[in-house]
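Topology and contacts: notes
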Amino acid sequence: MVTHDLASSTTPLFSIIIAAYNDWEPLDQCLQSLAQQADGPGFEVIIADDGSTEPAPEFIRQWQRYYHLTIDRQPHAGISTARNRGAQISRGSVLLFVDADSRLQANCLAALNAAITTSSQHNCFQLRLVGDCRGLVGRAEQLRLITIQDQMIQPNGCIRYLNTAGFAIRRSRVDIKRGIFDPVARRAEDTLLLSNLMQAGELPFFLDDAIVQHATRLSLMASLGKSIRSAYLEGRTYEIIASKGVRIRVSHRERLSMLWYMWKASGEHSIGRAAWFLLVAKQGLQRIITIAYRASSLLRALVSSEKATPPSTTGPTESDAN
């Protein structure tokens, strides 16, 4: 493992911000992957504890022996607020957001550093994400990630996709005090950030060789349940995005193209057709929930408008006057 000079007062290049909520075991693996970075620049790690039921255990705190680690605990307020708080207490000139269940490959920070040094025209960077193919849920995640990343890449090397399992942005590009993520967004907060970047005429630059494994450890049923909950919570976020006039969702033609791409990719032995069927089932459930959310939103808007409209009043008729 790499041990950094903990006594150094030099401002680190990277501030690695990880929002956590009761997910200490996967976070331990994430922190271990940071300790194993080879030839990487100086960095600090900030764990933004979003009001977990218990403080960070000792096996998390022990990583303070290997690098600058700050654990900031706040009342439960949501992942966006936690990440914003982590950014506010950070010191690095580049903010790197990863999830608690992310694992950085050994040369990840070195590759990110090289890209930042040679790509001064870019302010934000999407790292390549891969799944953990040891289980069906992980293989479905791998299939989802390779499809999105391969299909959303632009000719100029930027990508119409943003995932905070591995996303970096220059400190100079954001208003730290105001916050990078909208606290209103309980889910899809990274997609809302993408819409803001698109409004400003910017997309993340895709780094194919800076690799992060999104090692989800959910069971099959838990994964399906999370898809349903996420789709419902994302509804409000996509309403905000729609109000901006930014097109985030893929078209029907793009969706069909991605389904076909996924089918071909699932032919690989490391993924398998079962992953395709699981992924399609999850996306189908999410689509149903999204349509139901839109319908309920329209119904609520209709009811509200009817309540806001005063009852019509008419003056006395001629017959009434007589």
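Everything here concerns the structure above.
Report follows, based on the coordinates. (Residues numbered from 1 in each chain as written. Predicted model: local features only at pLDDT ≥ 70, side-chain atom pairs only at ≥ 80, totals over all residues. Heavy atoms only, no water.)

Things to note about helix H8 (residues 252-265)
Applied cut-off: Starting at the N terminus, helices and strands are each numbered in turn, a helix being any DSSP run of H or I of at least four residues and a strand any DSSP run of E of at least two. Take the residue count of a helix, subtract one, and multiply by 1.5 Å to get its expected span. Each residue gets one of three labels from its accessible area relative to the maximum for its type: buried under 20%, exposed over 50%, partly exposed in between, using a 1.4 Å probe on protein chains only. Here, the arc refers to the directions that run from the helix axis to the C-beta atoms.
Helix length check: H8, at 14 residues, gives a terminal C-alpha distance of 20 Å against a target of 20 Å (1.5 Å per residue), a fit within 8%. Regarding H8, the residues found buried are Met258, Met262 and Ala265. For H8, the angular spread of buried residues about the axis comes to 65°, placing them on one side. In this structure, H8 carries His252, Arg253, Leu256 and Trp260 as exposed residues pointing more than 90 degrees from its buried face.

What to know about the packing of helix H5 (residues 136-152) against H8
What counts here: Here an axis means a line fitted to C-alpha atoms, over the contact stretch when the element is a helix, while the angle between two N-to-C directions is reported on a 0 to 180 degree scale. Oblique is the label for any angle not under 35 degrees, not over 145, and not in the 65 to 115 range, which are roughly parallel, roughly antiparallel and roughly perpendicular in turn. Two helices that cross are described as forming a left-handed crossing if the nearer one is turned anticlockwise from the farther one by less than a right angle, and a right-handed crossing if clockwise. Note on contacts: a residue pair qualifies if any of its non-hydrogen atoms lie within 4.5 Å across the two residues. Polar here means any residue outside two lists: the nonpolar Ala, Val, Leu, Ile, Met, Phe, Trp, Tyr, Cys and Pro, and the charged Asp, Glu, Lys and Arg; Gly therefore counts as polar.
The N-to-C vectors of H5 and H8 enclose an angle of 125°; their axes lie 10 Å apart at closest approach. As judged from the angle between their axes, H5 and H8 are oblique. At the point where H5 passes H8, the crossing takes the right-handed sense. Contacts from Leu143, Ile146, Thr147, Ile148, Asp150, Gln151 and Met152 of H5 reach H8 at Ser257, Met258, Tyr261, Met262 and Ala265. Among the residues making up the contact of H5 with H8, the classes are represented as 8 nonpolar, 3 polar and 1 charged.

Here's the deal with a nonpolar patch on the surface
The cut-off we apply is this: Within the patch definition used here, like charges are joined within 9 Å and nonpolar side chains (Val, Leu, Ile, Met, Phe, Trp, Tyr) within 5 Å, considering only residues with over 30% relative accessible area and no salt bridge. Each accessible area is a Shrake-Rupley estimate made with a 1.4 Å probe; only the visible protein chains count as cover when residues are assessed. Every case where a carboxyl oxygen of Asp or Glu lies within 4 Å of a side-chain nitrogen of Lys or Arg is listed as a salt bridge.
On the surface, a nonpolar cluster with roughly 260 Å² of combined accessible area is contributed by Leu299, Leu302 and Val303. Within the secondary structure, leucine 299 is located in helix H9 (residues 273-308). A relative accessible area of 53% means that leucine 299 is categorised as exposed.

Some words on the sheet that holds strand S5 (residues 102-104)
Using the following cut-off: Note on pairing: two strands pair once DSSP finds at least 2 bridges between them.
On the basis of which strands lie adjacent, the open sheet formed by 8 strands has the order S3-S2-S1-S4-S7-S6-S8-S5 and mixed pairing. Strand pairing shows two members of the sheet lacking a second neighbour, strand S3 (68-74) and S5, which therefore form its edges. Strand-to-strand twist in this sheet, taken as the mean axis angle between neighbours without regard to direction, amounts to 30°. As paired strands, strand S6 (residues 124-131) and strand S8 (residues 205-214) are joined by 7 bridges and run parallel to one another. Note that in S8 the partner of leucine 127 across the bridge is leucine 207. With respect to the sheet, H5 is in contact with S6 and S8, its orientation differing from that of S6 by roughly 145°.

With respect to the pairing of strand S7 (residues 167-170)
Residues Phe167 and Ile169 of S7 are buried on one face, and the alternating residues Ala168 and Arg170, pointing to the opposite face, are buried as well. Pairing of strand S4 (residues 94-99) with S7 involves 4 bridges; the strand directions are antiparallel. If you follow phenylalanine 97 over to S7, its bridge partner there is phenylalanine 167. Where S6 meets S7, 3 bridges bridge the pair, whose relative direction is antiparallel. Bridging across to S7, glutamine 126 finds its partner in phenylalanine 167.

Section: the pattern of salt bridges
Counted according to the given criterion, the structure contains 13 salt bridges. Notably, a salt bridge pairs glutamate 141 with arginine 144, separated by 3.0 Å at the nearest N-O pair. Here arginine 144 and glutamate 141 lie together in helix H5, a separation of 3 residues that amounts to about one turn. The class of arginine 144 is partly exposed, set by a relative accessible area of 23%.

Some points on the packing of aromatic side chains
Worth spelling out the cut-off: Each pair of aromatic rings taken from Phe, Tyr and Trp, with Trp reduced to its six-membered ring, is defined by centres within 6.5 Å and is described as stacked if the planes are under 30 degrees apart, edge-to-face if over 60, and tilted in the remaining cases.
Taken as a whole and assessed by the stated rule, the structure comprises 7 aromatic pairs. For the ring pair tryptophan 63 and tyrosine 66, a centre distance of 5.3 Å and an interplane angle of 45° mean the geometry is tilted. Between tryptophan 263 and tryptophan 276 the ring centres are 5.0 Å apart and the planes differ by 80°, which places this aromatic pair in the edge-to-face class. Here the residue tryptophan 263 occupies a position in helix H8, and tryptophan 276 occupies one in helix H9, the gap between them amounting to 13 residues.

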